[in-house]
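Chains, contacts and geometry: an overview
What follows is each chain in one-letter form.
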Amino acid sequence: MKQKLARALLRMLGWSMEGEPPTAKRFVLIAAPHTSNWDFPYMLLYAWAFGVQVNWLAKHTLFFPGANGILRALGGIPVVRHKSQRMVDTMVDALQANEELILVIPAEGTRAFTKYWKSGFYHIARRASVPIVPSRLDYKKKSGGFGKPLHVSGSLERDMNYFRQFYRGVSGKYPDQFGPIRLAEEDRPTDSEGLAA
């Protein structure tokens, strides 16, 4: 029922679906471009329309009575983090502890223009041994969908070239705020495996 309603609502709003849903049970999902508050509800609509159950981590304090049920229904997972524990570690632990988990990460980390993507999504996938699946919202074409999964190869440049190709020509709601698809590590000296030292 949720899938039918999501598809009907997208059609009513004039949006179309591209490609096929991912078949993997565990992966990191890139949500991009991220230039507007509207990106999150559209991302959820597309996930439901494709029959994909996405999840995202948030501080447990947000899951107070009254909001708890809504946030969980939207895919929210409460986490209690110690000050010494980084979010990357928390996400790796979550992926390794679940046989089925699609973890959404906005790689840009902000709606404003930024020179680099945050590399957390890449290191989470590498450490958890799960693929990365890119998803896109193209406001110009009013279309959205998923790309093919990428299994981290160890060559940062080769892997990032895949994402640059996937997002080529894609327009966010505010195009000027969608920055380069590049990690800061790509501009640093690399080790023998192509990863930033």
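In this report, we go over the structure that sits alongside the text. Keep in mind that what you see is a predicted model, and the values were worked out from it rather than measured.

The next subject is the sheet that holds strand β5 (residues 101-105). Read across the open sheet, the 5 strands follow the order β1-β7-β6-β2-β5; overall the sheet is mixed. Looking at strand neighbours, the two that pair on one side only are β1 (16-18) and β5, the edges of this open sheet. The sheet shows a mean angle of 20° between the axes of neighbouring strands, taken without regard to direction. The pairing of strand β2 (residues 26-32) with strand β6 (residues 132-138) spans 5 bridges and is parallel. Within β6, the residue paired with Ala31 across the bridge is Ser135. Helix α5 (residues 120-128) contacts β2, β5 and β6 of the sheet and is inclined by roughly 170° relative to β2.

One way to put it is that helix α1 (residues 2-12) packs onto helix α2 (residues 39-49) with a least axis distance of 7 Å and a crossing angle of 125°. Classified by the angle their axes make, α1 and α2 are oblique. The interaxial crossing formed by α1 with α2 has left-handed handedness. Contacts between α1 and α2 pair Lys2, Gln3, Ala6, Arg7, Leu9 and Leu10 from the former with Tyr42, Leu45, Tyr46, Trp48 and Ala49 from the latter. Residue composition of the contact of α1 with α2, grouped by class: 8 nonpolar, 1 polar and 2 charged.

In this section: the packing of aromatic side chains. As enumerated under the stated definition, the model contains 15 aromatic pairs in all. Note on Phe40 and Trp56: the rings are 5.7 Å apart at their centroids and 85° apart in plane angle, and the pair reads as edge-to-face. Taken together, the residues Phe40 in helix α2 and Trp56 in strand β3 (residues 56-59) connect sequence positions 16 residues apart. The class for Phe40 is partly exposed, based on a relative accessible area of 34%. Look at Trp56 and you get buried, because its relative accessible area is 16%. Three or more aromatic residues joined by ring pairs form one cluster here, namely Trp117, Phe121, Tyr122, Tyr162, Phe163, Phe166, Tyr167 and Phe178. We note Arg136 situated over the ring of Phe166; from NZ or CZ to the ring centre the distance is 4.2 Å.

Rules of the game
Residues numbered from 1 in each chain as written. Predicted model: local features only at pLDDT ≥ 70, side-chain atom pairs only at ≥ 80, totals over all residues. Heavy atoms only, no water. Pairing = 2+ DSSP bridges. Helix = DSSP H or I, 4+ residues; strand = E, 2+ residues; numbered from the N terminus. Axes fitted to C-alpha atoms, helices over the stretch in contact; angles between N-to-C directions. Contact = heavy atoms within 4.5 Å. Parallel < 35°, antiparallel > 145°, perpendicular 65-115°, else oblique. Left-handed = near helix turned anticlockwise from the far one by under 90°. Nonpolar A, V, L, I, M, F, W, Y, C, P; charged D, E, K, R; others polar. Phe/Tyr/Trp six-rings, centres within 6.5 Å; stacked < 30°, edge-to-face > 60°. Buried < 20%, exposed > 50% of the residue type's maximum accessible area, 1.4 Å probe, protein only. Lys NZ or Arg CZ within 6 Å of the ring centre and 35° of its normal.

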